[in-house]
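Geometric and topological summary
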Amino acid sequence: MKKIFLYLVVLGILLAGCGTGEEHTFSTSGKETTLNIPSTTQPHQTPENTGGASEEWVEVETHVFDITSQIVRPSEYELVDVSLSQRLLFWNNIMTGVVLAQPFLLPGEAGQPGPQLQAESSFLTQIYADETVVAVIEEDYFSHTTTLKILNRQQNIPAESWVLPARTVLGTGEEGLLGITTENGLQRFWRLNLLEQTTSELFQQDMGDLTQIPAILSAAEGASGIAFTGLIAPSAGETTLQCYGLMDKSGNVVQLHIMPELEAAPYQGGLVLYDSMQAFGGQADKFHCLKICDADQMTIRDLQLESPENETFFHVTVSETGKFILTRDKSGEKLVYRVYDTDENRMIAKYEDCSRVGDCTRVLVSISEADRAFGVLSAGNDSLEWLDYTF
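Description of the structure in this document.

The rules behind each value
Residues numbered from 1 in each chain as written. Predicted model: local features only at pLDDT ≥ 70, side-chain atom pairs only at ≥ 80, totals over all residues. Heavy atoms only, no water. Pairing = 2+ DSSP bridges. Helix = DSSP H or I, 4+ residues; strand = E, 2+ residues; numbered from the N terminus. Axes fitted to C-alpha atoms, helices over the stretch in contact; angles between N-to-C directions. Buried < 20%, exposed > 50% of the residue type's maximum accessible area, 1.4 Å probe, protein only. Core = buried A, V, L, I, M, F, W, Y, C linked by side-chain atoms within 4.5 Å. Contact = heavy atoms within 4.5 Å. Phe/Tyr/Trp six-rings, centres within 6.5 Å; stacked < 30°, edge-to-face > 60°. Salt bridge = Lys/Arg side-chain N within 4 Å of Asp/Glu carboxyl O.

**Examining the sheet that holds strand E25 (residues 316–318)**
Strands sit in the order E25-E26-E27-E28 across an open sheet of 4 strands; the sheet is antiparallel. Strands with a single pairing partner mark the edges of an open sheet, and in this sheet they are E25 and strand E28 (346–352). Within this sheet the neighbouring strands show an average axis-to-axis angle of 20 degrees, counted without direction. Pairing geometry for E25 and strand E26 (residues 324–329), over 3 bridges, is antiparallel. Following the sheet pairing, Val 318 is matched in E26 by Ile 325.

**As for the pairing of strand E21 (residues 263–267)**
Burial of E21 is extensive: 5 of the 5 residues sit out of reach of the surface. Alternating positions in E21 separate into two faces, Glu 263, Ala 265 and Tyr 267 on one and Ala 264 and Pro 266 on the other, with burial throughout. Alignment of E21 against strand E22 (residues 270–274), held across 5 bridges, turns out to be antiparallel. Its bridge partner lying in E22, Glu 263 is registered against Tyr 274. Taken together, E21 and the strand that follows it, E22, pair antiparallel across an intervening segment of 2 residues, in which Gly 269 is found at a positive phi of about 115 degrees.

**Considerations on the nonpolar core**
Membership of the largest hydrophobic core comes to 20 residues, with the highest contact counts inside it found for Ile 71, Leu 79, Leu 89, Trp 91, Leu 377, Leu 384 and Trp 386. Elements supplying a minimum of two residues to this core: strand E5 (78–83), strand E6 (88–93), strand E7 (98–103), strand E30 (373–380) and strand E31 (384–390). Among the elements that make up this core, the one with the highest residue count is E30 (3 residues). Once you skip the residues sitting within four places of it in the chain, Leu 384 turns out to touch Thr 68, Ile 71, Arg 73, Trp 91, Leu 377, Ser 378 and Ala 379. Of all hydrophobic cores here, the second largest spans 19 residues; its members include Cys 354, Val 365, Leu 387 and Tyr 389.

**Topic: the packing of aromatic side chains**
The tally for this structure, following the rule as stated, stands at 9 aromatic pairs. Residues Tyr 351 and Tyr 389 carry aromatic rings whose centres are separated by 5.4 Å and whose planes lie at 70 degrees to one another, so their mutual orientation is edge-to-face. Here Tyr 389 lies in strand E31 and Tyr 351 lies in strand E28, a separation of 38 residues in the sequence. Tyr 389 shares its class with Tyr 351; the two are buried. Grouping aromatic residues by their ring pairs yields a cluster made of Tyr 337, Tyr 351, Phe 374 and Tyr 389.

**Observations regarding the sheet that holds strand E3 (residues 58–61)**
An order of E3-E4-E31-E30-E29 is seen for the 5 strands of this open sheet, with the pairing classed as antiparallel. The outermost strands of the open sheet, each flanked by one partner alone, are E3 and strand E29 (360–368). Strand after strand, the sheet turns through a mean of 25 degrees between neighbouring axes, direction not considered. In this structure, E30 lies alongside E31, joined through 7 bridges in antiparallel fashion. Paired with Leu 377 across the bridge in E31 is Trp 386.

**Notes on the pattern of salt bridges**
A complete count under the given rule lists 19 salt bridges for this structure. Lys 249 is paired through a salt bridge with Glu 221; the nearest N and O atoms lie 3.0 Å apart. Highlighted residues: Lys 249 in the loop between strand E19 (241–248) and strand E20 (253–258) and Glu 221 in strand E17 (residues 215–221), separated in sequence by 28 residues. Since its relative accessible area comes to 24%, Lys 249 is described here as partly exposed. The salt bridge involving Arg 346 is made with Glu 344; its shortest N-O contact spans 2.6 Å. Here the salt bridges share partners, and the residues they tie into one network are Glu 306, Glu 311, Asp 329, Arg 338 and Lys 350.

As structure tokens, this is what we get:
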């Protein structure tokens, strides 16, 4: 099943200043995240810059197109996220708590975009979507409960609520969402069927010894196992530290490495790890590369970057199956985007930011494997621009 999983945090508006604000990246410390999982959408054809091209495509630079015309902005709503691969825009009315999932088509695509869906959410933190369902996920930080507001993409019917066990960690599964809960000394891994609101257990782990079994912070299931980040005690009685690694589908830890500070961006089949933003005066250890924890092949490998000092933290976006990784580099006068092919272990595209929004207050970024493109949506107080960078 094809899906997208967005982690938005206590939200409201996802303020991210243009070029300097935080990208949605799945964080072990509770920041924003975006996870794109495969879409069956056919790749759109990059239009030629000729008089016969659709008027909706406006080429602002070579291979960079303005698709702002595809946005239909509802009154009194803030745009909180976008999925290029799933063709969805997500809006939130902070005053009423209503979340809208708004389908769209790119210029030249045939058919109808589908019905607009909505759900009410008082504590919106995450949005999940695949081709059949959208789940608005809210976490009540006072009661530590997680509630899914489930919407059927094929039928415009009222949302159904599903309350999950307290302190559930949500990750990506092979067929949907993966849930991890700890209760009575056991850490339980289970899959969620959103349409049927049922679960199936993968395995349980005895959490009596935190020197052997990590307490999970984030996870992604692959064909052969599970990539994870978590907390582990180096030895009995010591303070826990952040770690990352791989475990098989029986719960046996195959690889485990300690890294006191890290962030993780999930994809279907694994996690991409990168450096935490160093606190003022801090001396945090650094990867100086991107770590790809592949739960299909059960390997952890390094992706070397063109500018490792400026790309390995803060702005990392991963495509649906981890094929492409997009970084943002703000070290120079202009913001630079770089796209890496993880199979070939090399950079395949590099762009300077083409945004023309002068009063930009936040940036939303999404990448699509099928389209071989990434979209950058820049929002200001009175302006909105959506650029499509093809590669």
